Amino acid sequence: MRFIKVLFLLALFVFSILFFSQNNDVLLQNLTLILDIPYVATLHSIPLPFGVLILTAFVAGCLLTIIYFAVDKFRGASKLKECRTRMASLEQELNSLRNMPISEDASFSSTETKEEDSL
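Residues numbered from 1 in each chain as written. Predicted model: local features only at pLDDT ≥ 70, side-chain atom pairs only at ≥ 80, totals over all residues. Heavy atoms only, no water.

**Observations concerning the overall build of the protein**
The test is simple: Secondary structure elements follow DSSP: runs of H or I no shorter than four residues count as helices, runs of E no shorter than two count as strands, and numbering proceeds from the N terminus. Under the scheme applied here, a residue whose accessible area is under 20% of the maximum for its type counts as buried, over 50% as exposed, and between as partly exposed, the area being computed with a 1.4 Å probe on protein chains only. Residue contacts follow a heavy-atom distance rule, with two residues in contact if any of their heavy atoms lie within 4.5 Å. The Shrake-Rupley method, run with a 1.4 Å probe, gives the accessible areas here. Residue values count only the displayed protein chains as cover.
Per the secondary structure count, the protein includes 4 helices and 4 strands. Each helix and strand of the protein, placed in order from N terminus to C terminus, yields the pattern α-α-β-β-β-β-α-α. Evaluated residue by residue, the protein yields a buried proportion of 3% over its 119 residues. Within the protein, residue pairs in contact and separated by at least 24 positions form 9% of the contacts whose partners lie at least 6 positions apart. For the protein, the accessible surface area stands at approximately 11200 Å², while carbon and sulfur atoms represent 69% of it.

Pasting the structure below:
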């Protein structure tokens, strides 16, 4: 499995190098972002190369994905801890029930035999 991951990362690296080398003139064009809020303000960014904007969007997506999965992992870990504590308490209860005396079962079996004898 590790070999497949390495091959996949190598292929991704090669394709990204090809993409950037073949689209170098497009990625170096400057782009100004504009946010126009009617009746309030119009905001302009500084001219940035298009490749920088793509890279920034990619990194922001990676960071948001990492945050999402980290929160999910912490939530799962807390649920696992809760289930383990519940399981430990139930095991303790089961062990205490196993160690109880069997005197009640003996009286129950004697009543069954009395009922069978009367039939």
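After presenting the structure, the write-up continues.
**Looking at the UniProt feature "transmembrane region" (unreviewed entry) in the protein**
So the rule is basically this: UniProt positions are given in the numbering used here, feature names are shortened, and annotations may be inferred rather than shown by experiment.
UniProt records the feature "transmembrane region" (unreviewed entry) for residues 45-71 in the present numbering. Across residues 45-71, the secondary structure splits into 81% helix and 7% strand, with the terminal C-alpha atoms separated by 32 Å.

**Thoughts on a nonpolar patch on the surface**
Applicable threshold: Patch membership requires more than 30% relative accessible area and the absence of a salt bridge. Residues of like charge join within 9 Å; the nonpolar side chains Val, Leu, Ile, Met, Phe, Trp and Tyr join within 5 Å. Within this document, salt bridges are pairs made up of a side-chain nitrogen of Lys or Arg and a carboxyl oxygen of Asp or Glu, the two lying within 4 Å of each other.
A cluster of nonpolar side chains, contributed by Met1, Phe3, Ile4, Leu7, Leu10, Phe13, Val14, Phe15, Ile17 and Leu18, occupies part of the molecular surface with about 1100 Å² of accessible area. Here leucine 18 lies in helix α1 (residues 2-22).

**Regarding the environment of leucine 48**
Tracing the backbone through its elements, the reader meets leucine 48 in strand β4 (residues 48-49). In this structure, leucine 48 is in contact with Gln29, Asn30, Leu31 and Leu53, ignoring residues within four places of it in sequence.

**Quick notes on the pairing of strand β3 (residues 41-44)**
Selection criterion: For two strands to count as paired, DSSP must find a minimum of two bridges between them.
Pairing of strand β2 (residues 34-37) with β3 involves 4 bridges; the strand directions are antiparallel. Considered in β3, the bridge of isoleucine 34 is made with histidine 44. Hairpin connection of β2 to β3: 3 residues between the antiparallel strands, including tyrosine 39 at a positive phi of 65 degrees.

**Quick word on the packing of aromatic side chains**
Spelled out, the test is: Stacked, edge-to-face and tilted labels apply to pairs of Phe, Tyr and Trp rings (six-membered ring for Trp) whose centres lie within 6.5 Å, assigned for plane angles under 30 degrees, over 60, and everything in between, in that order.
Per the stated rule, a full pass over the model turns up 2 aromatic pairs. Geometrically, the ring pair formed by phenylalanine 19 and phenylalanine 20 is edge-to-face, given 5.4 Å between the ring centres and 75 degrees between the ring planes. In this structure phenylalanine 19 comes out as partly exposed when scored by relative accessible area, which is 39%. Taking the relative accessible area as the measure of exposure, phenylalanine 20 reaches 40% and is therefore partly exposed. Pairing tyrosine 68 with phenylalanine 69 gives two aromatic rings, centres 5.3 Å apart and planes at 70 degrees, and the pair type is edge-to-face.

**A short note on the confidence of the model for the protein**
Applicable threshold: pLDDT is a per-residue confidence score from the predictor, ranging from 0 to 100.
Averaged over every residue, the pLDDT of the protein is 87; residues scoring 70 or more account for 87%. Element-level mean pLDDT values for the protein span from 58 in helix α4 (residues 103-118) up to 94 in helix α3 (residues 50-98).

**Overview of unusual backbone geometry**
The backbone of tyrosine 39 shows a phi angle near 65 degrees, a positive value even though the residue is not glycine. If you trace the backbone, tyrosine 39 turns up in the loop between β2 and β3.

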